[in-house]
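So you can see what is in the structure, the chains are spelled out below.
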Amino acid sequence: MDEMDMRRDEMSGKKRQGTLLILSAPSGAGKTTLARRLGQALGDGCLFSISYTTRAPRGAEQNGVDYHFIERPGFESMIDAGEFLEWAEVHGNFYGTHRSYADAARDHEVVVFDIDVQGGEQIKRKHPEAVSVFILPPSGEELARRLRSRGTESDEAVERRLLAARQEIERGEACYDYLVVNDDLERALADVLAILRAESCRRAR
Ligand code: 5GP
């Protein structure tokens, strides 16, 4: 928080709520890199929600850092106990955000949710003040090129991901507050920071 923000808080006599930032994108849009750069730019004022998932860890992913990896029965118990702010099935696995993150905006400037569109819609319904940003790849051709260049999947799997990406883009375009095209990482980052800056100046906040 800079000096100007503090003065504004003093003048209003209130503690401002941080922003709940929903960040969604189809796979291949460069969301992970953008989220990492956003974390560096915002520093300590920013909290990333660590989701629960039933999918197995990939590569160097660590439990409690990248995700809380959990078995399906444990996830289902958490659903029954009402512990999730939102949850969804994505590519055959369950993913969910713990409800404690909704309160984290009291102590953080920004709370980032890197989740899919189904989850983003659920958070928006419960917290209409949340800000949703959908990251778009520069074009359909570029998205296809990025997905194919990973080289780890069969043609059929790439086609499936492309179809899912197109459906996700349609939904994101229809219901997200902001669309940011990731054709240049630095520009996309500047766009997201500008959105956060403008949102922090909202009268309601
Ligand atoms: P991945 O398995 O590649 O890490 O993530 C697959 C998709 O699940 C991504 O679109 C990611 O944003 C989404 N995702 C990750 N965590 C959550 C969550 O807690 N809730 C929802 N709804 N989606 C999530």
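The text that follows walks through the structure, step by step, so that each part is easy to find.

### Some points on the site of the ligand
What surrounds the ligand is a group of 15 residues, the closest being Ser 51, Arg 55, Tyr 67, Glu 86 and Tyr 95. In this structure, Lys 31 approaches the ligand through a side-chain N or O atom, which is 2.8 Å from an oxygen atom. Within the side chain of Glu 86, an N or O atom sits 2.7 Å from a nitrogen atom of the ligand. Coverage of the ligand by the protein chains reaches 86% of its 510 Å² of free accessible surface. Every element with two or more residues in the shell around the ligand is listed here: strand S5 (84–90) and strand S6 (93–98). For the shell around the ligand, a count of residues per class yields five nonpolar, four polar and six charged.

### With respect to the sheet that holds strand S3 (residues 52–53)
Within the open sheet, the four strands sit side by side as S4-S3-S6-S5. Their pairing is mixed. Every interior strand has two partners, whereas the edge strands, strand S4 (68–69) and S5, have only one.

### Regarding the packing of helix H2 (residues 31–42) against helix H7 (residues 185–200)
For any two helices packed against each other, the geometry is given by the interaxial angle and the distance between the axes. Closest axis-to-axis distance for the H2/H7 pair is 10 Å, and the angle between their directions is 55°. Comparing the axis directions of H2 and H7 gives the class oblique. The hand of the H2/H7 crossing is right-handed. Contacts between H2 and H7 pair Thr 33, Leu 34, Arg 37, Leu 38, Ala 41 and Leu 42 from the former with Leu 185, Glu 186, Ala 188, Leu 189, Val 192, Leu 193 and Leu 196 from the latter. Per-class residue counts for the contact of H2 with H7 are 10 nonpolar, one polar and two charged.

### Quick look at the packing of helix H4 (residues 117–126) against helix H6 (residues 155–175)
The interhelical angle for the contact between H4 and H6, taken along N-to-C directions, is 20°, at an axis separation of 10 Å. One element, H4, and the other, H6, form an angle in the roughly parallel class. The way H4 lies across H6 gives a crossing that is left-handed. Counting all contacts with H4, which are made through Val 117, Gln 118 and Glu 121, the residues of H6 involved are Glu 168, Arg 171, Gly 172 and Cys 175.

### As for the state of the cysteines
Overall, the coordinates contain zero disulfides when judged by the stated rule. Its sulfur unpaired, Cys 201 is 18 Å from the next cysteine sulfur, which belongs to Cys 46. According to the relative accessible area criterion, Cys 201 is partly exposed, its value standing at 44%.

### Examining the sheet that holds strand S9 (residues 178–181)
The pairing of strands in a sheet happens through backbone hydrogen bonds and is either parallel or antiparallel. One open sheet holds the five strands; their spatial order is S2-S7-S1-S8-S9, and the pairing between them is parallel. Every interior strand has two partners, whereas the edge strands, strand S2 (46–48) and S9, have only one. Pairs of neighbouring strands in the sheet enclose a mean axial angle of 25°, with direction left out of account. Taken together, the five bridges between strand S1 (residues 19–24) and strand S7 (residues 110–114) define a ladder with parallel strand orientation. Each bridged residue has a counterpart across the sheet, and for Ile 22 the counterpart in S7 is Phe 113.

### Some remarks on the side chain of His 98
If you trace the backbone, His 98 turns up in strand S6. When its relative accessible area of 17% is taken as the criterion, His 98 is described as buried. Within the structure, the side chain of His 98 is placed 3.1 Å from the side chain of Glu 83, a separation counted as a polar contact. Ignoring sequence-local partners within four residues, the contact set of His 98 consists of Tyr 52, Met 78, Glu 83, Phe 84 and Leu 85.

Conventions adopted
Residues numbered from 1 in each chain as written. Predicted model: local features only at pLDDT ≥ 70, side-chain atom pairs only at ≥ 80, totals over all residues. Heavy atoms only, no water. Near = heavy atom within 4 Å. Polar contact = N/O pair within 3.5 Å; in protein donor to acceptor, adjacent residues only side chain to side chain. Areas by Shrake-Rupley, 256 points an atom, 1.4 Å probe, with all protein chains shown as cover. Helix = DSSP H or I, 4+ residues; strand = E, 2+ residues; numbered from the N terminus. Nonpolar A, V, L, I, M, F, W, Y, C, P; charged D, E, K, R; others polar. Pairing = 2+ DSSP bridges. Axes fitted to C-alpha atoms, helices over the stretch in contact; angles between N-to-C directions. Parallel < 35°, antiparallel > 145°, perpendicular 65-115°, else oblique. Left-handed = near helix turned anticlockwise from the far one by under 90°. Contact = heavy atoms within 4.5 Å. Disulfide = S-S within 2.5 Å. Buried < 20%, exposed > 50% of the residue type's maximum accessible area, 1.4 Å probe, protein only.

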